[in-house]
Amino acid sequence: WLNCGIYEEIVPSENAVHSLEHSAVWVTYDPAQVTDGALDALRNAVPDPYIILSPFEGLDAPVVASAWGAQVKLDGVDDPRLADFITKYRLSSEAPEPGA
């Protein structure tokens, strides 16, 4: 199990994917590309609950948002597609066990 929340450290992918099964959204960021004020902005951009935010080294985009069966690579923390993705997929009934 992995509780939803904001993590400073890398989390096990298997645990985060299990949360996606329950309709959470996992927002990852490359710590080499997202630092300081940008990281603060990203933390402020994610709602609570049913969100996991964590670093993930080596991403090919600064920020990646993932949900059950969907993923978007974002240009940065201010990419407006992040809010749209979260609105569409957080607590979605498309996940196998939504809200569990």
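No experiment lies behind these values; they were computed from the predicted model shown.

Analysis parameters
Residues numbered from 1 in each chain as written. Predicted model: local features only at pLDDT ≥ 70, side-chain atom pairs only at ≥ 80, totals over all residues. Heavy atoms only, no water. Helix = DSSP H or I, 4+ residues; strand = E, 2+ residues; numbered from the N terminus. Rg over C-alpha atoms; globule rule 2.2 N^0.38 Å. Contact = heavy atoms within 4.5 Å. Pairing = 2+ DSSP bridges. Axes fitted to C-alpha atoms, helices over the stretch in contact; angles between N-to-C directions. Buried < 20%, exposed > 50% of the residue type's maximum accessible area, 1.4 Å probe, protein only. Arc of directions from axis to C-beta. Salt bridge = Lys/Arg side-chain N within 4 Å of Asp/Glu carboxyl O.

A. The overall build of the protein, seen in detail. Scanning the protein from N- to C-terminus turns up 3 helices and 5 strands. Helices and strands in the protein line up, N terminus first, as β-α-β-α-β-β-β-α. For the protein, whose C-alpha radius of gyration is 12 Å, the value lies close to the compact-globule estimate of 13 Å for 100 residues. Considering only C-alpha atoms, the protein reaches an extent of 35 × 25 × 20 Å along its principal axes. Residue pairs at least 24 apart in sequence account for 69% of intrachain contacts in the protein once pairs closer than 6 positions are excluded.

B. Local environment of the sheet that holds strand β5 (residues 70–74). Taken in spatial order, the 5 strands line up as β1-β3-β2-β4-β5 in an open sheet, and their pairing is mixed. Either end of the sheet is taken by a strand with one partner, and the two such strands are β1 (5–6) and β5. Pairing geometry for strand β4 (residues 63–67) and β5, over 5 bridges, is antiparallel. Each bridged residue has a counterpart across the sheet, and for Val-64 the counterpart in β5 is Lys-73. Seen against the sheet, helix α1 (residues 13–21) touches β2 (25–29), β3 (51–55) and β4 and runs at an angle of roughly 145 degrees to β2. The strands touched by helix α2 (residues 36–45) are β1, β2, β3 and β4; relative to β2, the strand with the most contacts, the crossing angle is about 175 degrees.

C. Geometry of helix α3 (residues 81–89). All of the buried residues along α3 are Leu-82, Phe-85 and Ile-86. Buried residues along α3 cover an arc of 95 degrees about the axis, so they all sit on one side. Residues of α3 that are exposed and point more than 90 degrees away from the buried face comprise Asp-84, Thr-87 and Lys-88. Summarising the contacts, the buried residues of α3 are in contact with β2, α2, β3, β4 and β5.

D. A look at the pairing of β2. Counting buried positions along β2 gives 5 out of 5 residues, so the element sits mostly inside the fold. Residues Val-25, Val-27 and Tyr-29 line one face of β2 and the alternating positions Trp-26 and Thr-28 line the opposite face, and both faces are buried. Sheet topology places β2 next to β3; 5 bridges connect them, and they run parallel. Counted as the bridge partner of Trp-26 is Ile-52 from β3.

E. Broad picture of the environment of Gly-69. Locating Gly-69 in the fold gives a position in the loop between β4 and β5. Residue classification places Gly-69 among the exposed residues on the basis of a relative accessible area of 80%. Sequence spacing of Gly-69 and Ile-52 is 17 residues, and the spatial spacing of their C-alpha atoms is 16 Å.

F. Looking closely at the pattern of salt bridges. Following the criterion strictly, the structure yields 5 salt bridges and no others. Note that Asp-79 is salt-bridged to Arg-81, the shortest N-O span being 2.7 Å. For Asp-79, a relative accessible area of 9% translates into the label buried. Salt bridges sharing common partners tie together Glu-8, Asp-40 and Arg-43.

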